[in-house]
Amino acid sequence: MPDTATVASEFSGHAHVAAPPPPGVAVRHDWSLDEVKALYELPLLDLVHKAQTVHRAVFVDNKVQLCSLLSIKTGGCPEDCSYCPQAARYKTGVKAEKLMAVPDVLDAASKARAAGATRFCMGAAWREVKDGPQFDSVLEMVRGVRALGMEACATLGMLSESQAKRLREAGLSAYNHNLDTSPEHYGDIISTRTFEDRLRTLDRVRDAGISVCCGGIIGMGESVEDRCNLLRTLANQEHHPESVPINALVAVEGTPLQEQQRVETVDMVRTIATARILMPQSMVRLSAGRQQMNEEAQLLCMMAGANSLFFGEKLLTTGNPEYTQDMALLEKAGIRPLEPRQEG
């Protein structure tokens, strides 16, 4: 195994580096809500064509990054996110589990790398990280994943400045902390953490030198204006998130949103295409809800600008298309996965 410090110094940020924006591709941070809505509401084929044009101009190799996500600490979360089966207050059948042992996490990461993943994401159902033995174990996990030559991503809830710095020192490539929805709709979904709390964590991650993975969830009863305002908020940050996961709600029995209707493919495509145009250099990730999509819907999302997939059997606690299905789809479509880095 290569020296961790050497790998970390040679392998920062994303395995895929976007080309500088060519002439005609605008990288803006001053979008108005009316402008975003005008894009989102374009005739679908016009919107997809515009997004695909931007995507091909910036991501010249047109490869798809494969990411693997492991729940390293499942269930028992004290928050009340209306969509989340891991909240302790909801009866969803998800059992609270202790933090996984470091060797078990690194074994899963090694298997994910062998399967083609270039990013390994570790999710823990915490409101916020607590200093102590558990956080020290997470730091060890990060160092181990990086030593495998993979991007290491984590989602652990809210962070302090010192915790963000320690994660960066351990080699963390990216931190996932979604805004979930628009500022206006946020209070209808979550009451135990404010929208401003999320923005503060993102600032601490960015200040520590860790790349930001930040997106949202559609299908939670939000309006089109809410959806567009989420994208506008992401795009108007001083630096665009390097990763923008677009999730479709998976309505889980026992959560307050269990009766929500499945997100229509057209809505998912519109959201991804608009995200691609607003944030042309970001990796736009087709995330939760992919199991509910047929192959044609997934390919249309990729045509609209999604260039990263979470693959494997589970996405935290909800189902995800199996590995063999994912590989067969990419092969049939002639889509090449981004190769893992060869480090050491």
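Residues numbered from 1 in each chain as written. Predicted model: local features only at pLDDT ≥ 70, side-chain atom pairs only at ≥ 80, totals over all residues. Heavy atoms only, no water.

Novice: How should I be thinking about unusual backbone geometry in this particular structure?
Specialist: Both trends apply: most residues other than glycine have a negative phi, and most peptide bonds are in trans. Even without being glycine, D180 reaches a positive phi, approximately 75 degrees. For D180, the location among the structural elements is in the loop between β4 (174-176) and α7 (183-186). (Helix = DSSP H or I, 4+ residues; strand = E, 2+ residues; numbered from the N terminus.)

Novice: What exactly am I supposed to notice about the confidence of the model for the chain here?
Specialist: When pLDDT drops low, the exact placement of atoms in the prediction is not to be read closely. Residues with a pLDDT of 70 or more make up 90% of the chain, whose mean pLDDT is 86. Taken together, the stretch residues 1-13 has pLDDT below 50 and engages in 24 contacts with residues farther than four places along the chain or on a different chain. Confidence drops under a pLDDT of 50 for residues 313-320, and excluding neighbours within four residues, the segment shows 28 contacts in the predicted structure. (pLDDT = per-residue confidence, 0-100. Contact = heavy atoms within 4.5 Å.)

Novice: Please clarify how helix α2 (residues 33-40) should be interpreted in this entry.
Specialist: Since there are 3.6 residues in each turn of an α-helix, residues three or four apart along the chain are aligned in direction. Here α2 has its buried residues at V36, L39 and Y40. Within α2, the buried residues cover an arc of 95 degrees as seen down the axis, which keeps them to one side. Residues of α2 that are buried make contact with α3 (44-58), α9 (224-235) and α10 (265-278). (Buried < 20%, exposed > 50% of the residue type's maximum accessible area, 1.4 Å probe, protein only. Arc of directions from axis to C-beta.)

Novice: I'm lost on the pattern of salt bridges in this one. Help?
Specialist: Working definition: two side chains of opposite charge can pair if their charged atoms are close together. Per the stated rule, a full pass over the model turns up 16 salt bridges. One salt bridge in this structure joins K130 and E128, with 3.5 Å as the shortest N-O distance. Among the salt bridges present, the one from D267 reaches R227, with a minimum N-O distance of 3.9 Å. Note that D267 is positioned in helix α10 and R227 in helix α9, a separation of 40 residues in sequence. One connected set of salt bridges, linked through shared partners, spans R28, D30 and E35. (Salt bridge = Lys/Arg side-chain N within 4 Å of Asp/Glu carboxyl O.)

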